[in-house]
Amino acid sequence: MLARRKQTLLPVALVALLLTTFAAHLPTQADTGSQPRVLILPFSLNAAGDAERDLREFKDHVDKRLRQVIGMLGESVQTETEDATRLILQSRDPVKTDQDAIWVATESGADLVIFGGVSKEAAGYRMKGTLWDLRQGRASVSIDLQVPNIHGLPGILEVFAGNVAKRIHGSPHLPLYKSGPPAPTEGRPADRLHALANLPQHTGPWRSPDISAAFKGLDIGDMDGDKRNEIVFVEDSTVTISRFEDGGLRTLAQFSEPPATFIAAQVEDVDDDGIAELLLCYRGSRGVESAIARYVNRHFRVVARLPQVILAAIPDGADEKRKMLVGQRTDVKDIFSGEMIRFRLEGNEATPEGSVPLPPGTFLLSYAAGRLGKPSNALRVILSQDQRLMVFDQENRLLSHLTDQLFGSDVSVRISGKD
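**What about the overall build of the protein?**
- Helix and strand counts for the protein come out as six helices and 22 strands.
- Relative to its full complement of 419 residues, the protein shows a buried share of 46%.
- When contacts within the protein are restricted to residue pairs at least 6 apart in sequence, those whose partners lie at least 24 apart make up 49%.
- If you sum the accessible surface of the protein, you get close to 21,600 Å²; carbon and sulfur atoms cover 51% of it.

What follows is the structure, encoded as structure tokens:
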């Protein structure tokens, strides 16, 4: 079991702060002014006996889930209704192959077509799915995975649905932070990115093999009250809960909510019940949002949502063992004033209960606080809008400003249509 140090140490916080990154994204369909026509074909089924009954229920769920996901994209796409799709298929031979699906979509005048199938194989259950772009004549998203148990199929579906939504809708720029290109400093390259130390394979109690995923972040905590820590991995479209067991990393659950693109996640007990909640920050079709989720019986349950707010648990004053839940509004002109909203989580409601003054220029996703030095001093650290490191005391008095070095990654973002 991985033990988690709940005491916030500034060096650790600084590492997390300086490694916070944001990906640059292509323009969305809405940005380009086009509304692609999407045809969603019913998934095929290939099974017999009890497996056919179970897979038929899952196939119906796939069809409904994909329509739900595409429907969440709103006016950025035009989707053929189920009735219209049924009429299109009635006048044609049954769709049995990928080429049949592409031909049907071409004849119907669609720009994009989603198709696939579920089947029972000798070694388990299989799901195939494709988003085909007829304008470019190629697959934009494709998945073909097999799992030993039918209960693994919903996870595959969510990954596929998330990637489809992201490909169609795109990922809007984070409407928060504006920064210019990096400037080289004397004796240092302009990219400012440093490789992590090459640790020997057997260093530490356990080291995973290479993981073929682009993690945005991770955190550790006891999310189910069993006194064992879970590990939360954050990718663009998926949040995964895992645990170290039997010398390996075991996946317990996955969460996806298309078209959301996750930015950050934090595991913290914000209602003092001894069980940690999961704080999520993500980009959706309406901009930046935050959510508070609980992990119950190996399922995620979102209990509160805060639109146009970045949510985080930060040390309550100089006492780093106590955490307070604060939010930063992203739909106001004075977003970088340093004035944060303090929330109280009771049951399933996050209620504002005052304000918290942080250093002017604070962006919650690039903020850290803790103790440093001997005697240990309670400090607050931020990345300024021009990517400089600034250190403050608990009264928000500036102690240090590193003007000769740049930190973090380049990002260009907007604030709700404002410059």
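**Brief notes about the packing of helix α3 (residues 49-71) against helix α6 (residues 153-169)**
- One can describe the packing of α3 onto α6 by two numbers: an axis separation of 10 Å at closest approach and a directional angle of 25°. Between α3 and α6, the interaxial angle falls into the category roughly parallel. The handedness of the crossing between α3 and α6 is right-handed. When α3 is examined against α6, the residues Leu55, Phe58, His61, Val62, Arg65, Leu66, Val69 and Ile70 are found in contact with a partner set consisting of Leu153, Pro154, Leu157, Glu158, Phe160, Ala161, Val164, Ala165 and Ile168.
- In terms of residue class, the contact of α3 with α6 is made up of 14 nonpolar, one polar and two charged.

**Comments concerning the sheet that holds strand β21 (residues 389-392)**
- Read from one edge to the other, the open sheet built from four strands follows the order β19-β20-β21-β22, with strand pairing classed as antiparallel. Sheet topology places β19 (367-372) and β22 (398-402) at the edges, where each strand pairs with a single neighbour. Looking at each pair of strands side by side, their axes are set apart by 20° on average, direction ignored.

**What to know about the packing of aromatic side chains**
- Considering all chains together, one arrives at four aromatic pairs under this definition.
- An angle of 45° between the planes, with centres 6.1 Å apart, marks the rings of Phe255 and Phe262 as tilted.
- A relative accessible area of 13% means that Phe255 is categorised as buried.
- We classify Phe262 as buried; its relative accessible area is 0%.
- Here the aromatic rings of Phe262 and Tyr282 are separated by 6.2 Å at their centres, their planes lie at 75°, and the arrangement is edge-to-face. Of this pair, Phe262 sits in strand β11 (residues 261-268) while Tyr282 sits in strand β12 (residues 277-284); the two residues are 20 residues apart in sequence, bridging distant segments of the chain. With respect to burial, Phe262 and Tyr282 carry one shared label: buried.

**Digging into the environment of Leu306**
- When you line up the elements, Leu306 lands in strand β14 (residues 299-307).
- Put simply, Leu306 and Cys281 are 25 residues apart on the chain and 9.5 Å apart in space, counted from C-alpha to C-alpha.
- Those residues in contact with Leu306 that sit more than four places away from it in its chain are Glu289, Ser290, Leu311, Phe343 and Ala350.

**Comments concerning the side chain of Ser256**
- Of note, Ser256 is situated in the loop between β10 (248-255) and β11.
- Classification of Ser256 as buried rests on a relative accessible area of 8%.
- For Ser256, the side chain forms a polar contact with the main-chain oxygen of Ser237, separated by 2.9 Å.
- In this view, Ser256 contacts Arg65, Glu158, Gly162, Ser237 and Phe262; residues no more than four positions away in its chain are not counted.

**Notes on the nonpolar core**
- One finds Leu66, Ile114, Met127, Leu153, Phe160 and Ile168 to be the most contacted residues of the largest nonpolar core, which totals 30 residues.
- Sorting elements by how many residues they give to this core places α6 first, with eight residues.
- Beyond its immediate chain neighbours, meaning those up to four positions away, Met127 contacts Phe43, Phe58, Gly117, Val118, Ile143, Asp144, Leu145, Leu153, Ile156, Leu157 and Phe160.
- Residues Ile263, Val288, Ile335 and Met340 belong to the second largest nonpolar core, which totals 21 residues.

**A short note on the sheet that holds strand β8 (residues 230-234)**
- Taken in spatial order, the four strands line up as β7-β8-β9-β10 in an open sheet, and their pairing is antiparallel. A strand with exactly one partner marks an edge of an open sheet, and here the two such strands are β7 (217-221) and β10. Mean inter-strand twist for the sheet, computed between neighbouring axes without regard to direction, equals 25°.

**Topic: unusual backbone geometry**
- One non-glycine residue, Asp272, lies in the positive phi region at around 60°.
- Relative to the assigned elements, Asp272 resides in the loop between β11 and β12.
- Even without a glycine there, the phi angle at Gln308 is positive, about 55°.
- Considering the arrangement of structural elements, one finds Gln308 in the loop between β14 and β15 (309-316).

So, how was this worked out
Residues numbered from 1 in each chain as written. Predicted model: local features only at pLDDT ≥ 70, side-chain atom pairs only at ≥ 80, totals over all residues. Heavy atoms only, no water. Helix = DSSP H or I, 4+ residues; strand = E, 2+ residues; numbered from the N terminus. Buried < 20%, exposed > 50% of the residue type's maximum accessible area, 1.4 Å probe, protein only. Contact = heavy atoms within 4.5 Å. Areas by Shrake-Rupley, 256 points an atom, 1.4 Å probe, with all protein chains shown as cover. Axes fitted to C-alpha atoms, helices over the stretch in contact; angles between N-to-C directions. Parallel < 35°, antiparallel > 145°, perpendicular 65-115°, else oblique. Left-handed = near helix turned anticlockwise from the far one by under 90°. Nonpolar A, V, L, I, M, F, W, Y, C, P; charged D, E, K, R; others polar. Pairing = 2+ DSSP bridges. Phe/Tyr/Trp six-rings, centres within 6.5 Å; stacked < 30°, edge-to-face > 60°. Polar contact = N/O pair within 3.5 Å; in protein donor to acceptor, adjacent residues only side chain to side chain. Core = buried A, V, L, I, M, F, W, Y, C linked by side-chain atoms within 4.5 Å.

In short, geometric facts, not functional conclusions.
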